[in-house]
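# Breakdown of the fold
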Amino acid sequence: MTPRPLLSWTPAAVVFDCDGTLMDTERHWMDARQRVFDDLALTPTPGFATRAKGLHYTQCGQLIADEAARSEQGQELAGRLLQYFRNTVSEQLETMPGAREIVEATAAFAPLAVASNCPREVVESCLDATGLLGHFRAVVVPDEQIRPKPDPDVYLTAARYCEAAPADTLAVEDTHCGILAAKRAGLRILGVGPWPGDETAALTDLWIDTLQDPRIREWTAQQAASRTPSQQHPPAPRSASTSTRA
């Protein structure tokens, strides 16, 4: 059966990526990757930025090590990459255009979660500093049991914390890596950002340039307006038990 067009559908839950989707932090990862290459006195090969975007930092560190023909240094370079990122993001923290508005709007009609490849402390500190953390029922990141994107684990876990079936859950993503994870988990997908090419866009239900797209604003407003007060999902209290954090 052909699924309904995304903007005529009501998700049971919404799961957001963080870097590049909610937080304007992807540029800091780019800077951090370049600094590691500078340390090695190397220039990334063509296409490296595309291959690296959205990867877990440990995978990215190994990718840099492989590019440098220093495969044995993957763990060391991953640690260096993460430190450079933390130093930069702590000084320049901003949300993506429209991120705050879409989080507040979707929180009115569905439970929310975050599924990210970043370390937990980075994701939660960024969302907390910008006042968004309290809207989310769960923040899901890779650990010993949860594999990073592009495996589906973070999205499957996030949907479970929202008590929603994957097929009834919307993922909001900006990278090919994350879109693959959401697709493999069986979620529907709203892609956001510069046009990624036909191959990536074809994996999504809808691609938009920015979360400020007026179609998204109208859709979220309609969804919220259609819910009775008892059906609405107010933001989770900031003091929510850490057991709700995946």
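To keep things clear, this report deals only with the structure shown in the data block.

The rules we used
Residue positions are given per chain, counting from 1 as you read along its sequence in written order. Given that this is a predicted model, residues contribute local features only at a pLDDT of at least 70 and side-chain atom pairs are listed and counted only at 80 or more, while totals for whole chains, interfaces and linings are drawn from all residues. Hydrogen atoms and water are omitted, and side-chain values are computed over all heavy atoms in the structure. Working definition of a nonpolar core: buried Ala, Val, Leu, Ile, Met, Phe, Trp, Tyr and Cys residues. They are joined through side-chain atoms within 4.5 Å. Three exposure classes are used, based on accessible area relative to the maximum for each residue type with a 1.4 Å probe and protein chains only: buried under 20%, partly exposed in between, and exposed over 50%. What counts as a helix is a DSSP run of H or I of at least four residues, what counts as a strand is a run of E of at least two, and both are numbered from the N terminus. We define a salt bridge as a contact between a side-chain nitrogen of Lys or Arg and a carboxyl oxygen of Asp or Glu at a distance within 4 Å. A cavity here means a set of 1 Å grid points, computed over protein atoms only, where a 1.4 Å probe fits but cannot escape. A pocket is an open set with protein on both sides within 12 Å along at least 5 of 7 lines, and lining residues have an atom within 4 Å of a point. Grid points are joined across faces, edges and corners, and a volume is the space filled by probe spheres set on the points. Should DSSP find at least two bridges between two strands, the strands are regarded as paired. Helix axes are fitted to C-alpha atoms over the stretch in contact, other axes to C-alpha atoms as well, and angles between N-to-C directions run from 0 to 180 degrees.

### A look at the nonpolar core
- Phe 16, Leu 22, Leu 127 and Phe 136 are the most contacted members of the largest nonpolar core, which totals 55 residues.
- Looking at this core element by element, the count peaks at seven residues for helix α4 (residues 74–89).

### As for the pattern of salt bridges
- Inspection of every chain in the model, using the stated rule, returns 14 salt bridges.
- Asp 151 is the salt-bridge partner of Arg 147, the closest N and O atoms lying 3.5 Å from each other.
- For Arg 147, a relative accessible area of 43% translates into the label partly exposed.
- A salt bridge links Asp 205 to Arg 188, with the shortest nitrogen-to-oxygen separation between them at 3.1 Å. Of the two residues, Asp 205 sits in the loop between α9 (198–201) and β6 (206–208) while Arg 188 sits in strand β5 (residues 188–192), which places them 17 residues apart along the sequence.
- Look at Asp 205 and you get partly exposed, because its relative accessible area is 33%.
- Overlapping salt bridges bring together Asp 17, Lys 149 and Glu 173 as one network.

### Regarding empty space enclosed by the protein
- By the definition in use, this model includes one cavity of 30 Å³ or more.
- In this structure, the largest cavity occupies an estimated 200 Å³ of space.
- In terms of lining residues, the largest cavity is bounded by 21 residues, among which Asp 19, Trp 29, Gly 54, Leu 55 and Asn 117 are the most central.
- Element by element, the count of residues in the lining of the largest cavity is highest for helix α1 (residues 26–39), at three residues.

### Things to note about the sheet that holds strand β1 (residues 13–16)
- With parallel pairing, the six strands of this open sheet are ordered in space as β3-β2-β1-β4-β5-β6. In this open sheet, the two strands that pair with only one neighbour each are β3 (138–140) and β6. For this sheet the average axis-to-axis angle between neighbouring strands, irrespective of direction, equals 20 degrees.
- Judged from the three bridges that link them, β1 and strand β2 (residues 112–115) form a sheet pairing that is parallel. From the neighbouring strand, Val 15 faces β2, where its bridge partner is Ala 113.

No statement about biological role is implied by the geometric values presented.
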